[in-house]
Amino acid sequence: MNNNIVAIVGRPNVGKSTLFNRLIQRREAIVDSVSGVTRDRNYGKSEWNGKEFSVIDTGGYIRGSDDVFEGEIRKQVELAIDEADVIIFVVDVEEGITPMDETVAKLLRKVTKPVLLAVNKVDNAMREKDAVEFYNLGLGEYYTFASISGSGTGDLLDALIEAFPVKPEPVTPEVVLPRFAVVGRPNAGKSSFINALIGQDRFMVTDIAGTTRDAIDTKFDRFGFEFNLVDTAGIRRKAKVKEDLEFYSVMRSVRAIEHADICILVIDATRGFEGQDQSIFWLAEKNRKGVVILVNKWDLVEKDTMSTRDYEEKIKKELMPFTDVPILFVSALTKQRLLKALEATVQVFENRKQRIPTSKFNEYMLKVIEAYPPPATKGKYVKIKYCMQLPTEVPQFVFFANMPQYVKEPYKRYLENKIRENWDFSGVPIDIYIREK
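Keep in mind the model is a prediction, meaning the values are calculated, not measured.

Participant: Looking at this model, I keep getting lost on the packing of aromatic side chains. Mind explaining?
Facilitator: For any pair of aromatic rings, geometry is given as the distance between the ring centres together with the angle between the planes. The final tally for this structure, using the stated rule, is 18 aromatic pairs. Measuring from centroid to centroid gives 5.0 Å for Tyr135 and Tyr142, while their planes differ by 65°, and the two rings are edge-to-face. Relative accessible area serves as the criterion here: at 40%, Tyr135 is assigned to the partly exposed category. A relative accessible area of 12% means that Tyr142 is categorised as buried. For the pair Tyr311 and Phe329, a centre-to-centre distance of 5.8 Å together with 85° between the ring planes defines the contact as edge-to-face. Note that Tyr311 is positioned in helix 9 (residues 308-319) and Phe329 in strand 14 (residues 327-329), a separation of 18 residues in sequence. The class of Tyr311 is buried, set by a relative accessible area of 5%. Within the aromatic cluster, the residues linked to one another by ring pairs are Phe361, Tyr364, Phe397, Phe399, Trp423 and Phe425.

This is the structure:
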C-alpha cells in the first residue's frame, strides 16, 4: 500500500486540469477518478508502467481577483509540497516565464522532493526552441508536452515513475488489526470524537508509525474492541501553512483513506452534508473502503426543525445509488451514542470480510435471476447459469453468462440490491462482474 501522491501545481490557465484529465483518462493509465460536487475533478488514481499513484490537481482552487492569486497559489504550492511525493510544475510556452511562475519556482527550489518542470503547449519544433528559456527558472531539466493532444506526456510519465521515492516495505506485525480512519472536513469534530473515544485515562497501548510517512496509528483497546485508529485531524500540522481548508481536507483524506479498512466520515450536523463531505465519501467508495457516517454535534440541532429520519433521507439522496450506509447521530461533546458508532464500524468491518459459500450463493441468486432474468437485447436472451464470490479483499461477485455484453448497469444494480437484501453488506461497496462462461 505504498501509494505515491503526485501534485500538479502552477499558476492559473497553464493547462494543469487538462494534464490531470489526460493522466486519469488515458485508456492505459486510468484506474478511477472522483468528481467533487463543488469542484471539477480534483483527485484521481492513475497507473503507468505498472506503478499506481494518486494525482491531485491544485487547479480550480484559486478564487478571487488577480491581486490575491499570488497568495492563494503560494498556499496551494506549500500544501502540495507538504503532502505530495513528487510535484509536477506546469508552465506555458506561449506566455513564457511570468512573475507568478518565478514565485512558484522560488518556493520549489527550496524543497528536497523531486520537482518535474513540465512546459505545456509545445506542439511544434519552433515552440520546442522557445521552451529553452525555462532553464532560467533554476529547476534544471524540463519536459515539453501538449496536454490537448497528449504528445510528450509519455516521457513526462516515465520521468515521474523514476522520481518516486523508494519506500520501505511496511513491517507486518503478527496480529494485523483493522485500521479505521477518521475523516471529514476540518471543524466537523474529528479531534473531539477521537479524544472522546480515547478518554481521559488514555487507554493507548502504543503509537505505531503508519505505513505512510505522516499517519500515526493509535491502538485502541477498550469496551471489548481492538483496532488501529488513524487520525487525519492532527496529522503533522505545519504552522507555516495557512490552510485552504477544503484542499487540505482532501489532501489529508487521500492518504488516510488509501491505508484504511474502514472510513468513519464525521460530518457537522449544523452544516449538513456538504460538497466536501460528499467528495470525501466518494473518495472512500472509489477506493472500495467500508464507510460509516457520523453526524456529529447532533446535540446542537433544533430537533423540531429536523428529525433524524428527515436528515438521514437527505443524506441518502446525495449518496445515490450507494445508499446502504450506516448513518449515526452522535455528539462527541456529550459522548452520546459513541459506543453505537464503534459497534457500527466494527460491524461494517465484519461485513466487508464476509465470505458467502458458493453453493448458498447460487441457490439464492439463481432463483432471483430466474424470477427476473436480464432483459433481451435485439432478440438475444441472456442466460446466467452460475455465480460466485471472488476470493478478494473486498466483496466482488462474478456471474457467468452466455452473452455478458448485453447485461447493462441497471441489471447489475438489481443483482447488487438482491445480494444486499439477503446478506448484510451495509457500509461496503460491492463489485459485480459479468463474464463469459
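Participant: Even after reading the chapter, I still don't get the pattern of salt bridges, so can you show me in this structure?
Facilitator: A side chain of one charge can pair with a side chain of the opposite charge if their charged atoms are brought near each other. Following the criterion strictly, the structure yields 16 salt bridges and no others. Between Asp261 and Arg352 there is a salt bridge, and its shortest N-O distance comes to 3.6 Å. Highlighted residues: Asp261 in the loop between helix 7 (245-258) and strand 12 (262-268) and Arg352 in helix 10 (residues 338-353), separated in sequence by 91 residues. The same class applies to Asp261 and to Arg352, which are both buried. The shortest N-O distance in the salt bridge between Lys316 and Glu312 comes to 3.5 Å. With Lys316 and Glu312 both in helix 9 and 4 residues apart, the pair spans about one turn of that helix. By relative accessible area, which is 23% here, Lys316 ends up partly exposed. Looking at Glu312, the relative accessible area reads 25%, which means it is partly exposed. One network of salt bridges, with partners in common, ties together Arg11, Glu95 and Asp101.

Participant: Looking at this model, I keep getting lost on the pairing of strand 4 (residues 51-57). Mind explaining?
Facilitator: Working note: regular strand, side chains alternate between the two faces of the sheet. Of all 7 residues in strand 4, 5 are buried, a share of seventy percent or more. Of the strand pairs in this sheet, strand 1 (residues 4-9) and strand 4 are connected by 5 bridges, and their pairing is parallel. Counterpart to Ile8 in the pairing with strand 4 is Asp57.

Participant: Can you help me understand the side chain of Thr345 in this one?
Facilitator: Along the polypeptide, Thr345 turns up in helix 10. For Thr345, a relative accessible area of 1% corresponds to the buried category. Apart from residues lying up to four places away in sequence, Thr345 is in contact with Phe180, Ile262, Ile264 and Val292.

Participant: Help me understand the sheet that holds strand 16 (residues 396-401) in this model?
Facilitator: Adjacent strands of a sheet form backbone hydrogen bonds with each other and so pair up, either parallel or antiparallel. Ordered in space as 15-16-17, the 3 strands form an open sheet in which the pairing is mixed. Edge positions in the sheet fall to strand 15 (384-389) and strand 17 (431-436), since each of these pairs with one other strand and no more. Between one strand and the next, the sheet's axes are offset by a mean angle of 20°, whatever the strand orientation. Pairing between strand 16 and strand 17: 6 bridges, direction parallel. By the bridge assignment, Phe399 is partnered in strand 17 with Ile434. Sitting on the sheet, helix 11 (residues 358-371) is in contact with strand 15 and strand 16, with an inclination near 140° to strand 15. Each of strand 15, strand 16 and strand 17 is contacted by helix 12 (residues 409-422), which is oriented at about 120° to strand 17, the strand it contacts most.

Conventions adopted
Residues numbered from 1 in each chain as written. Predicted model: local features only at pLDDT ≥ 70, side-chain atom pairs only at ≥ 80, totals over all residues. Heavy atoms only, no water. Phe/Tyr/Trp six-rings, centres within 6.5 Å; stacked < 30°, edge-to-face > 60°. Buried < 20%, exposed > 50% of the residue type's maximum accessible area, 1.4 Å probe, protein only. Helix = DSSP H or I, 4+ residues; strand = E, 2+ residues; numbered from the N terminus. Salt bridge = Lys/Arg side-chain N within 4 Å of Asp/Glu carboxyl O. Pairing = 2+ DSSP bridges. Contact = heavy atoms within 4.5 Å. Axes fitted to C-alpha atoms, helices over the stretch in contact; angles between N-to-C directions.

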